[in-house]
Each structure stands twice: as structure tokens, then as C-alpha cells.
Amino acid sequence: MSTSPAVPLLRVLAVDDEAPALDELAWMLGRHECVGQVVPAGSGEAALRVLHEEQVDAVFLDVQMPGLSGLDLARVLSRFTTQPPIVFVTAHEQHAVDAFELNVVDYVLKPVRDERLDQAVRRVVRQLHGREPAAASADESIVVELGGVSRLVQRSEVLFVEAQGDYARLHTATGSHLVRVPLTTLADQWRDAGFVRIHRSSLVALGHITEWRTEGGRTTVVVGGHELVVSRRHTRALRDLLVRRAQPLGRSVT
């Protein structure tokens, strides 16, 4: 089984002092195929605390904020040993010259359009990895054996994967197949195809999750009619992924 090299998903810090704008930016970034996690911060000071405590791949931030402004934060970051790429997201055109003097990757004007944000994210990827992110990964064919007969199973057919020692069992809508690949290997190879770890012994396809349940402190997901336990270690990350990747049709009416 082989896959083409993929660009690692980005962990992005989103900064804006206006809560609605921050929520929208985080949501738009979270939907992007190159972004794996978005960390929100409601001020320059909060962003600086995150940057001192955690590792992020890029920073998307507003320019005009009370206290530590976006330009101030960019100047602080310029003194970091390793400076993450910066993208300004603002309603104000007049700061563009100052921003580019600080070697920012891009300057995106509000209201933010999906195609413009996509361009900015791809510029970040190009700066970090020296190449454009690949297009959405093509489906992969996996050779499995059943009763002495070899057949091909498409990765898109796989609902979830269970560890069985040094092997992995692929579950599809029509059955299951044991392959000679450790679960940890599949977790690395299939991450960019939408497969996430929910337990040390299981991996699920995000697109096939139909229900999320939490009862008595126990969290489970339903995939293809199967109810799978989510470990506490993976619960929050999975929940955040599902919420960010959901595309609401509109606001609820009460």
C-alpha cells in the first residue's frame, strides 16, 4: 500500500478582538482542507500567551485591536527564533505597507471570501513546505484477501479501522478485511484523507460519522451502524473537528 507525500495539516492561531469575526474566521479556516486545527484568541495578549505555551504553524490576525495590536504582535513575533507565517485579516487597507515591511505572507481584507482565504492558506503552505498543497487526495485501492481470493477495496469504502496486534481490520458496509499494516501506520498515511484516531485501537472516517453520543461521561460515535467508543484523550479533538467541518444550512429559529 502506498500514498503520495502529503503536506501536513496546519495548526493555525486565529486572532480577533471581535467575537463574531473571530468565530467566522475560525470556522472558515477550520473548513479548509489544509487546516487540521484552529486555536482562537480574542486579543493580542491572549495570542501571545498561546504562542509562548504552544506550537502553531501560522497566525491569522486582525490589525486593529485594543492593547497589543496586530502590528505590535507581528513585531514581537519577528524577534522569535522561529517565526510562524503571519496573515493579516482586516477591514483596514491603510496598514498594508506596514504589514509587508514585517514580511507577512498575505493581507486579506474583510469581508473574507472563501477563495481569498484559500489563496492565503496556500501561500502559508508554500512558505512552510516549499510547495503548493496537493489537490484533494485521490482514492486509494487496498489489496485484501478473502478465502484465497484477492480483491480491491477502495479507501473511500472504509468506515473505520480496528487494531488487531500488528495488523488492522478494515470495516466497510459489506464486511471486514484484515490487512498486514499496523493501525499507527494507517493513522499517519490516511490523516489527510479524513481518518482520525478516536481510541488507541480504532480509527474512523470523519465523513462516515452519523451520530455523536455522550451519556454518563462515556462518548461514542456511530459509523455505518456501529457504535464506537471514543477515549477521553481524543474526545475534545474529535468534537472540535466535527463541529468545524459541519456546514450549517442556516441559523436555527426559536
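The model shown is predicted, which means the values in this text are computed figures rather than measured ones.

Asker: Account for the pairing of strand S8 (residues 160-164), naming residues and giving values.
Answerer: The pairing of S8 with strand S9 (residues 167-171) spans five bridges and is classified as antiparallel. The residue of S9 that forms the bridge with Val161 is Leu170. In textbook terms, the turn of a hairpin is the stretch between consecutive antiparallel strands, and for S8 and S9 this stretch comprises two residues, one of which, Gly165, has a positive phi near 65°. In the sheet, S8 pairs with strand S12 (residues 202-205) via three bridges, with the strands oriented antiparallel. Bridge pairing links Val161 to Leu203 in S12.

Asker: An account of the sheet that holds S12 is requested, with residue identities and associated values reported.
Answerer: The strand order across the open sheet formed by five strands is S10-S9-S8-S12-S11, and the pairing between neighbours is antiparallel. Looking at strand neighbours, the two that pair on one side only are strand S10 (176-179) and strand S11 (195-199), the edges of this open sheet. Between one strand axis and the next, the sheet turns by 25° as a mean value, whatever way the strands run.

Asker: Quick one: what's the story with the side chain of Thr235, residue by residue and with numbers?
Answerer: Structurally, the position occupied by Thr235 is in helix H7 (residues 232-245). With a relative accessible area of 16%, Thr235 lands in the buried category. When sequence neighbours within four positions are dropped, the list of residues in contact with Thr235 reads Trp212, Thr219 and Val230.

Asker: Now, about the packing of helix H2 (residues 44-53) against helix H3 (residues 70-77): what can you tell me, with residues and values included?
Answerer: Direction vectors running N to C along H2 and H3 enclose 20°, while the axes themselves pass 10 Å from each other. Viewed along their axes, H2 and H3 adopt a mutual orientation that is roughly parallel. In terms of crossing hand, the pair formed by H2 and H3 is right-handed. Contacts between H2 and H3 pair Gly44, Ala47, Leu48 and Leu51 from the former with Leu73, Val76 and Leu77 from the latter. Of the residues belonging to the contact of H2 with H3, the class tally is six nonpolar, one polar and no charged.

The rules behind each value
- Within each chain, residue numbers correspond to sequence positions counted from 1 in written order.
- The predicted origin of the model limits local features to residues at a pLDDT of at least 70 and limits the giving and counting of side-chain atom pairs to 80 or more, whereas totals for whole chains, interfaces and linings rest on all residues.
- Neither water nor hydrogens contribute to the side-chain values; these are computed over all heavy atoms in the structure.
- DSSP-based pairing: two strands are paired if at least 2 bridges between them are found.
- Helix and strand definitions here come from DSSP, where helices need a minimum of 4 consecutive H or I residues and strands a minimum of 2 consecutive E residues; each element is numbered from the N-terminal end.
- Here, axes are lines fitted to C-alpha atoms. For helices the fit covers the stretch in contact, and angles between N-to-C directions go from 0 to 180 degrees.
- Relative accessibility under 20% of the residue-type maximum defines a buried residue, over 50% an exposed one, and the middle range a partly exposed one, all with a 1.4 Å probe and only protein chains included.
- Should any heavy atoms of two residues lie within 4.5 Å, those residues are counted as being in contact.
- These descriptions rest on fixed angle ranges, namely under 35 degrees for roughly parallel, over 145 for roughly antiparallel, 65 to 115 for roughly perpendicular, and the rest for oblique.
- Each helix crossing is assigned a hand: it is left-handed if the near helix lies turned anticlockwise from the far helix by less than a right angle, otherwise right-handed if that turn is clockwise.
- Each residue receives one of three labels: charged for Asp, Glu, Lys and Arg, nonpolar for Ala, Val, Leu, Ile, Met, Phe, Trp, Tyr, Cys and Pro, and polar for the others, Gly being one of them.

So yeah, pure geometry; function would need other evidence.
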